[in-house]
There are 2 protein chains.
Amino acid sequence: MRTTLSFTEPTTANGVCEQSFTLDGVPAVLWAPDADPTGRPVVLLAHGGGQHKRHPGVVARAHRFVTALGATAVALDAPGHGERPRTADDERAVAALRERMASGEPAGDVVAATNAGLAARAVPEWRALLDALAPTGPVGVWGASLGGAIGLSLAAADPRISAAVVGLIGGGPLGEVAARVTVPVELFLQWDDEFVPRADGLALFDALAAPEKTLHANPGGHGELPRFEVESARLFFARNLT
Amino acid sequence: MRTTLSFTEPTTANGVCEQSFTLDGVPAVLWAPDADPTGRPVVLLAHGGGQHKRHPGVVARAHRFVTALGATAVALDAPGHGERPRTADDERAVAALRERMASGEPAGDVVAATNAGLAARAVPEWRALLDALAPTGPVGVWGASLGGAIGLSLAAADPRISAAVVGLIGGGPLGEVAARVTVPVELFLQWDDEFVPRADGLALFDALAAPEKTLHANPGGHGELPRFEVESARLFFARNLT
């Protein structure tokens, strides 16, 4: 099947050119520097569960990576997220998670299973995106939570990924995925993550086959990743993509 | 007792002015920017066991913090290290460590106990240094292994310390020290540290009373801290001292 890219008019703000497009119907957004992107890095941004391609944290990272690294950044709506319809399975997964959270019981296993299923659907979409973009520079991926599961799975599946910053993940099938990741990884965990038991996150770090891997852990819950980790990710990508 | 500072002539290289001095007989070195240091940060650099105030890793950090942060950096020889004589107790501690390492048994408890004793002697020297320097800007401390024990103890003991980057430590009395540290801390651990059991390092992170604390862990042994952690420390100090 031939990939179809459909672009809208770009807009430019603060030196960052932003352009919406669809990739075989998947809504996407691309941020690029004013400069010629040839040979420059590309950073794929995979958003978290319940978020979308223009979530403020995604946009903030896109702008930082474009302006500070000269990178091109791209985000897709994950399956069942953003502008994309939910399947009956997606609806059931959302209902199961809500039910578990309402019960007050730990929901980590539901989250891990849901994210694994979504990651399996998202990875081929990201690979098709790479086919279509045909990047001339090194490619990195950033992702948190659902996006972390997608990013890690993509790094395991596609040799075009040179570095990954992923986090807020652990448990489920991710240990087996991590054992297939050999590119440099920065894994970020929240020390008091209500969805990722501490031991699961640490075991995931242990399982990564990457010779260069670095763990960043910070206090707080799943939604409390400190803002300064944007700069850590920038340093990591500067070291591994430029 | 009045503190006595004795300076030698400064030398300047790559925009960094270096000056040796002694503080009540303790050999020290100070690195300063060409610019007026008033109000600029001061970073105290505490070297590891068996090292000294001009160990290459210490000098590299000093230069980086001076040139990138506009900071003044200072290093002291730890008790029994560098140009300082060893006491009979120091000799016994060195012999005990050698004996344990030759036996092939884990030496972490010997290292932790020795470092705790040396830190107790070093902290008053660093506090006297702060009295003598009377810094006009915020003060941070960086230390690895023995220097980590010293840095953490100093951050617990002296309210003039605003931020600490310490690591390669855990076990012994440090958990109690950590519970008294409330300033921002970046703790770096080696995932396969032959002297610091992984659980001891993680327990130390847990014990830190600091609301802002961040853990960096990397694969490899005690002596294999990745060079890129210099830049992480720079980011941390930029965030917390400038």
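Rules used throughout
Residues numbered from 1 in each chain as written. Chains lettered and ligands numbered in written order. Predicted model: local features only at pLDDT ≥ 70, side-chain atom pairs only at ≥ 80, totals over all residues. Heavy atoms only, no water. Helix = DSSP H or I, 4+ residues; strand = E, 2+ residues; numbered from the N terminus. Rg over C-alpha atoms; globule rule 2.2 N^0.38 Å. Buried < 20%, exposed > 50% of the residue type's maximum accessible area, 1.4 Å probe, protein only. Contact = heavy atoms within 4.5 Å. Areas by Shrake-Rupley, 256 points an atom, 1.4 Å probe, with all protein chains shown as cover. Lys, Arg positive; Asp, Glu negative; His and termini not counted. Charge placed at Lys NZ, Arg CZ, Asp CG, Glu CD. Buried area = accessible area lost by both parts, 1.4 Å probe. Salt bridge = Lys/Arg side-chain N within 4 Å of Asp/Glu carboxyl O. Polar contact = N/O pair within 3.5 Å; in protein donor to acceptor, adjacent residues only side chain to side chain. Least-squares fit on C-alpha atoms with pLDDT ≥ 70 in both.

(A) Structural detail: the overall build of chain A. Tallying secondary structure elements over chain A gives seven helices and ten strands in all. Taken over the C-alpha trace, chain A has a radius of gyration of 17 Å; the compact-globule value for 242 residues is 18 Å, and the two agree within 12%. The dimensions of chain A, computed from C-alpha atoms along their principal axes, are 50 × 40 × 35 Å. Burial status across chain A gives 54% buried among its 242 residues. The long-range share in chain A, meaning contacts at least 24 apart out of those at least 6 apart in sequence, stands at 68%. Summed over its atoms, the accessible surface of chain A is roughly 9,900 Å², and 54% of this surface lies on carbon and sulfur atoms. Across chain A, the 20 positively charged side chains and the 27 negatively charged ones have centroids separated by 3 Å.

(B) Fine view of the interface of chain B and chain A. Counting from both sides, the interface comprises 21 residues of chain B and, opposite them, 21 residues of chain A. Carbon and sulfur atoms make up 63% of the area that chain B and chain A hide from each other, which totals about 1,700 Å². Among the residues chain B hides against chain A, the three largest losses belong to Trp191, Phe228 and Leu235 of chain B. Together they make up 29% of the total. Taken together, the connections running from chain B to chain A amount to two salt bridges. Between Arg198 of chain A and Asp206 of chain B there is a salt bridge, with its nearest N and O atoms 3.2 Å apart. The interface formed by chain B and chain A contains nine residue pairs in polar contact (both at pLDDT 80 or more).

(C) Broad picture of unusual backbone geometry. All names here are of chain A. Its identity as a non-glycine residue notwithstanding, Ala134 has a phi of 45°, on the positive side. Tracing the backbone through its elements, the reader meets Ala134 in the loop between α3 (108-133) and β7 (139-144). Judged by its relative accessible area of 48%, Ala134 falls in the partly exposed class.

(D) Summary view of the relation of the copies chain B and chain A. With an RMSD of 0.0 Å, the operation that places chain B on chain A is a rotation of 180° combined with a shift of 0.0 Å along the axis. Those values place the two copies in the arrangement expected of a two-fold rotation axis. Taking C-alpha positions as the reference, the residue of chain B nearest the rotation axis is His216 of chain B, at 2.4 Å. With an isologous cut-off of 70% or more, the 100% of interface residues of chain B that recur at the interface of chain A puts this contact in the isologous class.

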